[in-house]
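Structural overview
These are the residues of each chain, in order.
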Amino acid sequence: MLPKCPEPSAEGRGYVMRRVDRYRHGELEHLSDEIAEEVPVAMIYDDVPFAVMMVTPLDLEDFALGFSLSEGLISTSAELTSVEVHPRLEGVELAMRVASDKLAQRIGSSGERLLPGRSGCGLCGARLLEDAVRHPAPVGPGPRIAPAALARALEALGAAQPVNSETGSVHAAAWVRVDGSIALVREDVGRHNALDKLIGAMVKAQIDPERGFLLVTSRASYEMVTKAASAGITLMAAISAPTALAIHLAESTRLTLIGFARAGSYVVYTHPQRLLQVTGVNP
């Protein structure tokens with residue numbers, strides 16, 4: 001049996017230390033390993049529970065703002081009048097106050113707690129089909145991006161993910177300038193959470209979503225495209241594949257969607273006009 005390992009404070013790091021057995025080439029090692037945190041975060045609006053998300057407990061105020069915007073609970077950052085982070089024995093409470101009637105419309109007059117959300121949940125709080133499939137307004141023209149800028153961002157992204165460098169188990173969402181330099185990165189065990197954190201950080205920093213592009217270390221699911229388009233982002237590049245519904249939504253919202261982004265190669269699924277030196281017509 002392994003000796004008990006005292007747990008150091010991981011506040012602000014997003015990971016904890018655990019004792020593990022590692023087997024390699026027929027040999028056993030006893031060592032410490034960095035493990036990404038995943039804790040329940042209760043989203044509470046005006047004292048009404050809305051959803052419980054599984055989140056890496058970093059950048060929670062960014063998450064509160066980004067989640068509120070991308071889920072359509074507020075229209076502007078000014079409508080989120082306060083955010084209080086309350087650590088609890090079971091997890092974390094995000095107690096928020098909003099100046100908007102969108103919340104009441106979403107949860108109805110009963111005040112019933114809505115669905116809990118996993119770390120991969122992108123439809124949290126949705127009970128009906130018409131709530132699940134949302135259609136953001138079309139995005140603006142946005143910039144034109146050179147392939148070299150995408151390659152530069154991909155090369156730099158690994159070094160901009162401190163939690164993933166330690167744990168190897170979290171996603172990142174990065175905001176990239178037109179020249180390919182990375183302006184902001186947020187990490188989380190859930191790809192949707194990472195994007196919500198990034199959207200919140202972008203709004204706080206007053207970043208124009210039409211002056212750069214989004215790069216994510218995950219697949220391009222419908223929910224990710226929904227959140228990106230809702231934030232006014234015009235180009236989204238993912239290192240993995242998109243879904244058919246994500247492509248359909250990107251087409252209808254005029255968002256440029258890239259999948260399988262690698263050094264020197266990528267696949268453009270919608271609106272290729274935003275990529276310099278890329279020509280073609282969607283079927």
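So, here's what we can say about the structure. Keep in mind that this is a model prediction, so the values were computed, not measured.

**A look at the pairing of strand E10 (residues 235-238)**
- Here E10 shows a buried face lined by Leu-235 and Ala-237 and a second buried face lined by Met-236 and Ala-238.
- Pairing of strand E9 (residues 212-216) with E10 involves three bridges; the strand directions are parallel. What sits directly across from Val-216, in E10, is Ala-238.
- As paired strands, E10 and strand E11 (residues 256-262) are joined by three bridges and run parallel to one another. Within the sheet, the bridge partner assigned to Leu-235 lies in E11 and is Thr-256.
- Regarding the hand of the β-α-β motif, the stretch spanning E10, helix H8 (residues 244-253) and E11 is right-handed.

**Details of the sheet that holds E11**
- Pairing in this open sheet of six strands is mixed, and the strands run E8-E7-E9-E10-E11-E12 from one edge to the other. Strands with a single pairing partner mark the edges of an open sheet, and in this sheet they are strand E8 (182-188) and strand E12 (265-270). The mean inter-strand angle of the sheet, taken between neighbouring strand axes irrespective of direction, is 20°.
- Sheet contacts for helix H4 (residues 147-157): strand E7 (171-177), E8, E9, E10, E11 and E12; angle to E9, the most-contacted strand, approximately 45°.
- Contacts from helix H6 (residues 191-204) reach E7, E8 and E9, with the element oriented near 140° to E8.

**Here we look at H4**
- Among all positions in H4, only Ala-149, Leu-150, Ala-153, Leu-154 and Leu-157 are buried. Around the axis of H4, the buried residues are gathered within 135° of arc, so they sit on the same side. Exposed positions of H4 whose direction lies more than 90 degrees from the buried face are Ala-148 and Glu-155.
- Buried residues along H4 sit against E7, E8, E9, E10, E11 and E12.

**A word on the side chain of Asp-62**
- By the secondary structure assignment, Asp-62 is in helix H1 (residues 60-70).
- We classify Asp-62 as buried; its relative accessible area is 8%.
- Only 2.9 Å separates the side chain of Asp-62 from the side chain of Arg-186, close enough to count as a polar contact.

**A look at H8**
- Every buried residue of H8 is accounted for by Ala-246, Leu-249, Ala-250 and Thr-253. One face of H8 carries all of its buried residues, which in axial projection span an arc of 100°.

**Observations concerning the nonpolar core**
- Ranked by size, the top nonpolar core spans 26 residues in total, and within it Leu-198, Leu-214, Met-236, Leu-255 and Leu-257 carry the most contacts.
- Of all elements in the fold, only E7, H6, E9, helix H7 (222-230), E10 and H8 reach the threshold of two or more residues within this core.
- With six residues, H6 is the single largest residue contributor to this core.
- In this structure, Met-236 is in contact with Leu-214, Val-216, Ala-220, Met-224, Val-225, Ala-228, Leu-255, Thr-256, Leu-257 and Ile-258, ignoring residues within four places of it in sequence.
- With 22 residues, the next largest nonpolar core counts Val-41, Met-43, Ala-51 and Met-96 among its residues.

**Side note on the packing of aromatic side chains**
- Using the criterion set out here, one finds three aromatic pairs in the structure.
- With 5.8 Å between their ring centres and 90° between their planes, Tyr-45 and Phe-50 make a pair best called edge-to-face. This pair shows no difference in class: Tyr-45 is buried, exactly as Phe-50 is.
- Taking the centre distance of 6.1 Å and the plane angle of 75° together, the rings of Phe-50 and Phe-67 count as edge-to-face. One end of the pair, Phe-50, is in strand E4 (residues 48-55); the other, Phe-67, is in helix H1, with 17 residues separating them in the sequence. The same class applies to Phe-50 and to Phe-67, which are both buried.
- Ring-pair connections join several aromatic residues into one group, and the members of that group are Tyr-45, Phe-50, Phe-63 and Phe-67.

**Re the side chain of Lys-197**
- By secondary structure assignment, the location of Lys-197 is in helix H6.
- According to the relative accessible area criterion, Lys-197 is buried, its value standing at 0%.
- Here Lys-197 is in contact with Val-55, Thr-56, Leu-58, Asp-59, Asp-62, Phe-63, Arg-186, Glu-187 and Asp-188, once residues within four sequence places are set aside.

**With respect to the pairing of E7**
- Taken across its seven residues, E7 has five buried, putting it largely inside the fold.
- Here E7 pairs with E8 via six bridges, running antiparallel. Among the inter-strand pairings, Val-176 is bridged to a residue of E8, identified as Ile-182.
- Hairpin connection, E7 to E8: the antiparallel pair is bridged by four residues, and Gly-180 has positive phi, about 95°.

**Quick look at the environment of Glu-210**
- Relative to the helices and strands, Glu-210 resides in the loop between H6 and E9.
- Taking relative accessible area as the criterion, Glu-210 reaches 30% and is therefore assigned partly exposed.
- C-alpha separation for the pair Glu-210 and Gly-142, spaced 68 residues apart in sequence, amounts to 4.4 Å.
- Discounting chain neighbours no more than four positions away, the residues touching Glu-210 are Gly-140, Pro-141, Gly-142, Pro-143, Gly-232 and Thr-234.
- In this structure the side chain of Glu-210 is engaged in a polar contact, spanning 3.0 Å, whose partner is the backbone nitrogen of Gly-142.

Cut-off values and rules
- Residues numbered from 1 in each chain as written.
- Predicted model: local features only at pLDDT ≥ 70, side-chain atom pairs only at ≥ 80, totals over all residues.
- Heavy atoms only, no water.
- Buried < 20%, exposed > 50% of the residue type's maximum accessible area, 1.4 Å probe, protein only.
- Helix = DSSP H or I, 4+ residues; strand = E, 2+ residues; numbered from the N terminus.
- Pairing = 2+ DSSP bridges.
- Right-handed = clockwise from strand over helix to strand, strands pointing away.
- Axes fitted to C-alpha atoms, helices over the stretch in contact; angles between N-to-C directions.
- Contact = heavy atoms within 4.5 Å.
- Arc of directions from axis to C-beta.
- Polar contact = N/O pair within 3.5 Å; in protein donor to acceptor, adjacent residues only side chain to side chain.
- Core = buried A, V, L, I, M, F, W, Y, C linked by side-chain atoms within 4.5 Å.
- Phe/Tyr/Trp six-rings, centres within 6.5 Å; stacked < 30°, edge-to-face > 60°.

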